[in-house]
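Descriptive structure summary
Residue strings, one per chain:
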Amino acid sequence: MTSAGYVAAIPLLPLAGAAVLGLGGATLQRRLGKRAIGAVACGTVALAFALSVAAFFQLLGLDPEHRLLLARLFPWIHVGTLQVDVAFGVDPLSAVMILVVTGIGGLIHLYATGYMHDDEAFWRFFAYLNLFTFAMLTLVLGDSLLLMFVGWEGVGFCSWALIGFWHKELANTTAGNKAFIVNRVGDFGFVLGMFLLFWTMDAQGHGTLVFRELAQHAHVLEGVGFWGWPVATLVTLFLFVGATGKSAQIPLYVWLPDAMAGPTPVSALIHAATMVTAGVYMVARLNFLFAMAPATLAVVATIGAATALVAATIALAQNDIKRVLAYSTVSQLGYMFLAMGVGAYAAGIFHLVTHAFFKACLFLGSGSVIHAMRGEQDMRRMGGLVKFLPATSTTFIVATLAIAGMPPLAGFFSKDEILWQAFNARPALWAVGVTVAGLTAFYMFRQVFMVFFGTCRADPETRHHLHESPSVMTIPLWLLMAGAVLAGFLWLPFGLFVPFEHWLAPVIEHHGEVHAATSGRGVEALLMLVSLGAAAGGIGLAYRMYASESLRPETFSEALGGLPYRAVLGKYWVDELYDLVFVRGVLLCCRATAWFDLHVIDGLVNLSAAIVRGCSWLSGLFDLWVVDGAVNLVADVTQFAGRRVRNVQSGAINAYLYVVLLGVLGGVLLYWSWAAAS
Amino acid sequence: MGTLSLGHFVVLGGILFALGLFTVITRRNAIGILMGVELVLNSANVNYVAFARYANAGYDGQVFAIFVIMLAAAEAAIGLAIVLGIYQSFETIDVEATDRLRQ
């Protein structure tokens with residue numbers, strides 16, 4: 001472990017950028033123009049990238065067992081045995097991630113300065129984008145599960161804010177809300193997993209959430225049960241629920257296609273290259289825990305393969321250029337989880353990196369197309385764009401070849417590695433993976449042929465407007481294309497100066513060889529040929545259906561009564577099902593509780609109010625008749641007596657004198673009778 | 001026929017007092033009342049002088065009688081002034097009518 005304060009600057013630079021842009025962006029944009037905003041946003045990320053490269057080289061110079069740069073900022077939560085500091089750590093795994101986040105993120109920032117140029121809220125967009133970069137870097141660099149969760153929530157928030165960035169349209173904000181709410185479901189699992197992990201670790205005398213301490217002491221969970229379940233399985237299952245939310249896996253993948261409502265750079269950065277890979281990263285980071293839970297690994301692998309297949313089939317029938325890519329992202333994330341589930345952590349992370357390059361390139365390319373088509377996203381109105389957009393189409397086609405797994409492009413290496421390791425662990429899932437490889441090649445080339453080849457189906461006005469994007473947008477495309485071509489070579493021995501797998505070894509070393517090479521290179525070559533064959537088949541089919549048009553798509557869409565086609569077109573009606581079960585269910589619960597509130601709770605409240613009112617009415621009566629009555633009685637008696645006595649005071653002097661006389665006479669008589677008696 | 005005794009004077013004083021008191025009570029005319037008061041005062045004078053003569057008590061009784069006569073004169077003056085005031089405010093000197101003090 002080496003102390004390196006500059007590591008903290010990697011996440012804090014984008015945070016500073018977000019603070020400057022968020023607080024003073026409007027003024028800055030008015031005074032100095034959009035160029036200044038772009039400079040701040042891109043500059044902070046570029047600096048962070050430079051620091052990431054520096055950190056990478058410092059790590060490289062260290063002994064493999066001690067490759068950890070730590071920047072401890074300040075103590076955060078110290079309660080009982082819970083000791084959490086705000087500390088950022090760069091180890092081989094997070095070094096790869098920060099290079100991806102700041103490198104590809106920086107290119108997307110640059111691209112966005114061109115793409116968002118006409119937007120009035122330019123500064124707000126970049127404030128969010130920088131804030132997202134900060135949150136993502138916190139997620140990756142945080143040295144404890146809790147700090148990772150802060151970043152985890154932060155990227156969720158930024159994702160919400162950016163999906164609904166064009167908030168004047170209800171559909172966009174609804175999509176943002178959907179993403180956020182679905183993510184919250186997953187986050188609930190994450191939190192439960194974290195609590196259970198800390199609680200049981202604490203019970204075993206090692207209460208900690210810091211990753212390297214967890215790795216050191218996780219073995220104490222061996223054999224510990226919770227309600228009859230092994231704790232390690234429960235914890236990892238809960239955490240995996242969190243991963244399915246963030247990384248769009250079954251059953252929580254539904255938000256990602258809708259997230260395409262955001263601006264295209266957002267889709268590229270958040271919903272393809274970085275944020276959605278957070279779940280994969282988390283599983284790789286906690287690989288020592290997942291290795292203790294074979295049941296969870298089986299679930300992860302199965303869910304991953306199933307998601308890859310389901311999303312790939314849905315992508316076959318989509319007509320929105322971004323939706324095809326969105327389902328493709330879901331499908332590729334499925335690959336990564338398949339890799340995690342079979343213990344091929346390095347291969348999964350490798351696919352994460354290569355996917356980040358070619359998917360970012362594809363998304364930015366689609367953004368360039370949408371930019372040229374003046375907002376049109378329907379592929380049925382495109383076609384023949386290769387003539388108008390030479391740079392975009394070249395980069396897009398190369399990236400498509402990469403995702404289809406054509407050698408020697410990036411996707412070939414990573415996909416092949418995952419499939420090979422899957423074959424060693426679970427051959428059935430390998431078969432699914434190969435099928436998905438074929439489907440991927442088909443739908444991606446369907447997209448290429450529909451968008452860039454054939455006749456242009458756009459209306460004349462749009463066709464007249466068609467133009468290549470400015471160089472701030474095409475330069476990132478070229479660079480990302482270069483990444484999509486070259487990233488695959490990282491797997492080779494001379495890749496990151498060391499082979500990718502060896503580079504990650506210190507982080508995942510102990511469990512990496514669970515499924516270590518059980519089949520030889522000969523088998524691997526055979527498998528490679530099979531998956532290449534599947535991909536080539538997919539491309540050939542797409543060519544016949546959408547380029548040479550020698551095969552009608554309807555041949556398939558009308559097969560089996562058209563039901564499979566309609567199921568795929570309708571996205572298996574999962575959204576409708578969720579709407580029916582969860583949204584309507586919750587609304588029903590709402591209405592029931594509202595009724596309960598209205599009639600029972602309010603009834604009780606009203607009843608008690610009525611009782612109080614009755615009591616006060618009674619006490620009012622008592623006051624009126626008893627208390628006031630007593631007072632009035634005294635007054636009345638006095639008044640009555642006064643009226644009676646008043647008559648004596650007639651004012652007639654004669655009468656007074658009579659009384660005096662009678663009194664004196666009476667007195668004398670009394671005296672006499674008294675004197676006579678004594 | 002016997003000589004005058006103290007008893008005769010006391011009876012005379014009593015008769016005078018009774019007459020005065022009767023006048024005061026029955027008269028509705030304020031001046032009549034004042035006259036009754038004079039009778040009552042004079043009955044007291046008779047008693048003073050008689051008891052002074054027959055009880056050998058010196059001249060104290062006579063002196064008091066003189067005081068009473070003087071007092072009666074003053075009383076008559078003040079009383080008549082009051083009656084005049086009453087007449088000015090009520091335009092009558094009927095004591096039955098002048099009963100406004102009670103309100």
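Residues numbered from 1 in each chain as written. Chains lettered and ligands numbered in written order. Predicted model: local features only at pLDDT ≥ 70, side-chain atom pairs only at ≥ 80, totals over all residues.

**A word on the overall build of chain B**
From N to C terminus, chain B includes three helices and zero strands. Listing the helices and strands of chain B from first to last along the sequence gives α-α-α. Here the C-alpha atoms of chain B give a radius of gyration of 17 Å, more than 25% beyond the 13 Å that 2.2 N^0.38 yields for 103 residues. Within chain B, contacts between residues at least 6 apart in sequence are counted, and of these 47% link residues at least 24 apart. (Helix = DSSP H or I, 4+ residues; strand = E, 2+ residues; numbered from the N terminus. Rg over C-alpha atoms; globule rule 2.2 N^0.38 Å. Contact = placed C-beta atoms within 7 Å.)

**Here's the deal with the environment of Leu577 of chain A**
Residue and element names in this part refer to chain A. With respect to the helices and strands, the residue Leu577 is situated in helix H25 (residues 574-646). Residue Leu577 is classed as exposed on the basis of its 12 C-beta neighbours within 10 Å. A C-alpha to C-alpha distance of 41 Å links Leu577 and Leu21, two positions 556 residues apart in sequence. (Buried ≥ 20, exposed ≤ 12 C-beta atoms within 10 Å, placed from the backbone.)

**Comments concerning helix H3 (residues 92-115) of chain A**
Between the first and last C-alpha of H3 of chain A there are 34 Å, a value that for 24 residues agrees with the 34 Å anticipated at 1.5 Å per step. Burial runs high along H3 of chain A: 23 of the 24 residues are buried. (Expected span 1.5 Å × (residues − 1).)

**Regarding the sheet that holds strand E3 (residues 82-90) of chain A**
Residue and element names in this part refer to chain A. Taking strand neighbours across the sheet as the criterion, the three strands line up as E1-E2-E3 in an open arrangement whose pairing is mixed. Across the chains shown, the open sheet's two edge strands, defined by having one partner strand only, are strand E1 (2-3) and E3. In terms of strand pairing, E1 meets strand E2 (residues 69-79) through two bridges, oriented parallel. Each bridged residue has a counterpart across the sheet, and for Ser3 the counterpart in E2 is Leu70. (Pairing = 2+ DSSP bridges.)

**Quick notes on the nonpolar core**
With 227 residues, the main nonpolar core has Leu338, Ala360, Cys361 and Ala484 of chain A as its most contacted residues. Once residues lying within four places of it in the same chain are set aside, the contact partners of Leu338 of chain A are Ala301, Gly304, Ala305, Ala308, Ile418, Ala422, Leu429 and Gly433 of chain A. (Core = buried A, V, L, I, M, F, W, Y, C linked by C-beta atoms within 7 Å.)

**Here's the deal with the domain arrangement of chain A**
With domains assigned, chain A is organised as domain 1 (144-569) and domain 2 (648-678). Look at where the C-alpha atoms of domain 1 of chain A and domain 2 of chain A centre, and you get two points 126 Å apart. (Domains from an automatic or database assignment.)

**Side note on the packing of helix H5 (residues 145-163) of chain A against helix H6 (residues 170-203) of chain A**
Residues and elements named next belong to chain A. Relative to each other, H5 and H6 sit at 170°, their axes nearing to 8 Å. Of the possible angle classes, the one that applies to H5 and H6 is roughly antiparallel. Facing H5, whose interface residues are Leu145, Phe149, Trp152, Glu153, Gly156, Ser159, Trp160 and Ile163, H6 presents Asn172, Ala175, Gly176, Ala179, Phe180, Asn183, Asp187, Phe190 and Met194. Classifying every residue of the contact of H5 with H6 by side-chain character gives 10 nonpolar, five polar and two charged. (Axes fitted to C-alpha atoms, helices over the stretch in contact; angles between N-to-C directions. Parallel < 35°, antiparallel > 145°, perpendicular 65-115°, else oblique. Nonpolar A, V, L, I, M, F, W, Y, C, P; charged D, E, K, R; others polar.)

**Notes on the interface of chain B and chain A**
Listed by partner, the interface residues are nine residues for chain B and nine residues for chain A. Across the side of chain B that touches chain A, the residue classes break down as five nonpolar, no polar and four charged.

**Digging into unusual backbone geometry**
A cis amide bond, omega 5°, links Ile250 of chain A with the succeeding residue Pro251 of chain A. Within the secondary structure layout, Pro251 of chain A lies in the loop between helix H8 (231-246) and helix H9 (255-258). For the bond running from Pro407 of chain A to Pro408 of chain A, omega is 0°, close enough to zero to count as cis. Here Pro408 of chain A shows up in the loop between helix H16 (390-403) and helix H17 (410-425). Of note in this structure, Arg374 of chain A is not a glycine but carries a positive phi near 55°. Tracing the backbone shows Arg374 of chain A in the loop between helix H15 (345-372) and H16. By the C-beta count within 10 Å, which is 11 here, Arg374 of chain A ends up exposed. We note that Glu91 of chain B has phi near 55°; this positive angle belongs to a residue other than glycine.

**Description of helix H18 (residues 427-452) of chain A**
All names here are of chain A. For H18, which comprises 26 residues, the first-to-last C-alpha distance of 37 Å matches the rise-based estimate of 38 Å (1.5 Å per residue) to within 8%. Most of H18 is tucked away: 22 of the 26 residues are buried. Gly454 lies just past H18 and shows a positive phi near 75°.

**Some words on the packing of H17 of chain A against H18 of chain A**
All names here are of chain A. Look at H17 against H18: their axes get within 7 Å of each other, and the N-to-C directions meet at 155°. As summarised for this structure, H17 and H18 are arranged roughly antiparallel, according to the angle between their axes. Along the contact surface, H17 presents Lys415, Ile418, Leu419, Ala422 and Phe423, while H18 presents Pro427, Leu429, Trp430, Gly433, Val434 and Ala437. Considered class by class, the residues forming the contact of H17 with H18 number nine nonpolar, one polar and one charged.

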